[in-house]
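# What the coordinates show
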Amino acid sequence: MRVVSGIQPTGNLHLGNYLGAIRNWVRMQDAMEPGNRAQVAEGGSAQKHQCLFFLADLHAISMPHDPAELRRGTLEMAAALTACGIDAGRSVLFNQAQVPAHAELQWLIGGTARMGWLNRMTQWKDKAGKNREGQSIALFAYPVLQAADVLLYQATHVPVGEDQKQHLELARDIAQKFNTDFGETFTLPEPIVPPSAARIMSLRDGLAKMSKSDASDMSRINLVDDAETVMQKVKKAKTDPEPLPSEIGGLAGRPEALNLVTIYAALADTTPEAVLAEHGGQGFGAFKPRLGELLVETLRPISTRFTELLADREALDAILARGAAKARELAAPTLDATYKALGLVR
C-alpha cells in the first residue's frame, strides 16, 4: 500500500488539523515499523504501507499570496509536522515545488480532464463565488493538480475528509479515462476516512469548523499556544448553562457542548459516550479545567519541539531536500510511462 496526502503551508497548525488529519498520518507512519501490521482503512486487510506527506506550496499560489509568507509558512509547516511526529526517516516528507513532476503530470493529464468535471467541483464554486471570470486558471485547475499529486506516486490510498471526497473521485475519473484511452498507466486510489479522525469545531461556534482563517484567535487552539493561552481559550469557549448529560443523545441541539466532549474524547483516545459516562452531571465549570489540562499535556511536547526545529533552518531545509530527492525518485517511473503512453518523445 502507498498512502499519499498533502497540506497547504498556510501558517501554524491548529487542533482541528492535528486531531482531524495529522495524528492519523503519524499513526499510519508508525504502522510501518518492522513487525507492525496496520489496518489502514476501516475494514481493510492488514498490510504494511509506505507514506508520502507533502506541503502543497504549488496549490498555495492558486490564490493571491505573499511570497515571503509562503516561504516562511512552508518551513513552519515542515517544523510543525515533524514536531507532531512525522519522521522523515520513516515517511517521505517534502514540498511540491522541489518535485517538478507534479506540475508536469498535471499538464499531461490535463488533456484527459474535462471542463464539465471541474465545473461541478463544489470547492471551486465556493472559492470563486460570483466572480468566476476574475479567478485564476490555477484555482479552476486545482483539482487536476490534486489528481496529479496522488497518481504520480501510484497511490493506493488517500486520507480524505468529507470535503475532499469529490476531488478524489475526480482523480479516479481522470485515471480511469486515461487508462482507457492510452493503456494502463495509473492506479485508481481508494479513499481512507479514518474512524479515529475527529471533526473539531470552532470554540466560538459549534456549527463551524475550527479554522485558521477565522478572524478570532479565540475560536481555535493553535498547536504552539502556551499553557496559559490554552487554559484561557478553553475557559472562554462558548457553551450552554446545562450540565453534561450521561448519554450522547442528551447533546442533541447542543453543538458547543458536543464539540468540547468530542475534543476531550479525541485527546483521551476514547469515545464521547465514555466521556459522558465519566463526566455526566458535571457543569462546564468543572469539565473545562479538566479539558484544558488534557490539552496542555498533549500540546506541550509538540510546542517545545516546534520551537527547537524552527530555530534550526538548516535542518529543516535538509529534511525537505532529502524528502524531495526520494519523491523525485519515486515519481520518475510514472512520469516516464505517462510521456510514453501519450506518444511524446523526450
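Residues numbered from 1 in each chain as written. Predicted model: local features only at pLDDT ≥ 70, side-chain atom pairs only at ≥ 80, totals over all residues. Heavy atoms only, no water.

Quick reminder: α-helices carry 3.6 residues per turn. Residues three or four places apart thus point the same way. Looking only at helix 4 (residues 101-110), the buried set comprises Ala101, His102, Leu105, Leu108 and Ile109. Along the axis of helix 4, the buried positions cluster into a sector of 125°, meaning they face one direction only. Those residues of helix 4 that are buried lie in contact with helix 2 (57-60), strand 3 (92-95), helix 8 (142-151), helix 9 (165-182) and helix 14 (313-342). (Buried < 20%, exposed > 50% of the residue type's maximum accessible area, 1.4 Å probe, protein only. Helix = DSSP H or I, 4+ residues; strand = E, 2+ residues; numbered from the N terminus. Arc of directions from axis to C-beta. Contact = heavy atoms within 4.5 Å.)

So, about the pairing of strand 2 (residues 50-55). Across the six residues of strand 2, five count as buried, placing the element largely inside the fold. Of the strand pairs in this sheet, strand 1 (residues 2-7) and strand 2 are connected by six bridges, and their pairing is parallel. Along strand 2, the bridge assignment pairs Val4 with Leu52. Pairing geometry for strand 2 and strand 3, over four bridges, is parallel. Along strand 3, the bridge assignment pairs Phe53 with Leu93. (Pairing = 2+ DSSP bridges.)

What follows deals with the packing of aromatic side chains. Under the definition given, this model contains eight aromatic pairs. Ring centres of Trp124 and Phe140 lie 5.0 Å apart, and the angle between their planes is 75°; this geometry places the pair in the edge-to-face category. With Trp124 in helix 6 (residues 122-128) and Phe140 in helix 7 (residues 137-140), this pair connects stretches of sequence that are 16 residues apart. The exposure class assigned to Trp124 is buried, which follows from its relative accessible area of 7%. On the numbers, 6.4 Å between centres and 80° between planes, the contact of Phe284 with Phe287 is edge-to-face. (Phe/Tyr/Trp six-rings, centres within 6.5 Å; stacked < 30°, edge-to-face > 60°.)

This part takes up the packing of helix 4 against helix 14. Packing of helix 4 against helix 14 leaves a shortest axis separation of 11 Å and a crossing angle of 25°. Classified by the angle their axes make, helix 4 and helix 14 are roughly parallel. Considering the relative orientation of helix 4 and helix 14, their crossing is left-handed. Judged by residue contacts, Ala101, Glu104, Leu105 and Leu108 of helix 4 engage Ala331, Leu335, Thr338, Tyr339 and Leu342 from helix 14. In terms of residue class, the contact of helix 4 with helix 14 is made up of seven nonpolar, one polar and one charged. (Axes fitted to C-alpha atoms, helices over the stretch in contact; angles between N-to-C directions. Parallel < 35°, antiparallel > 145°, perpendicular 65-115°, else oblique. Left-handed = near helix turned anticlockwise from the far one by under 90°. Nonpolar A, V, L, I, M, F, W, Y, C, P; charged D, E, K, R; others polar.)

By themselves, these observations are geometric and do not establish any function.
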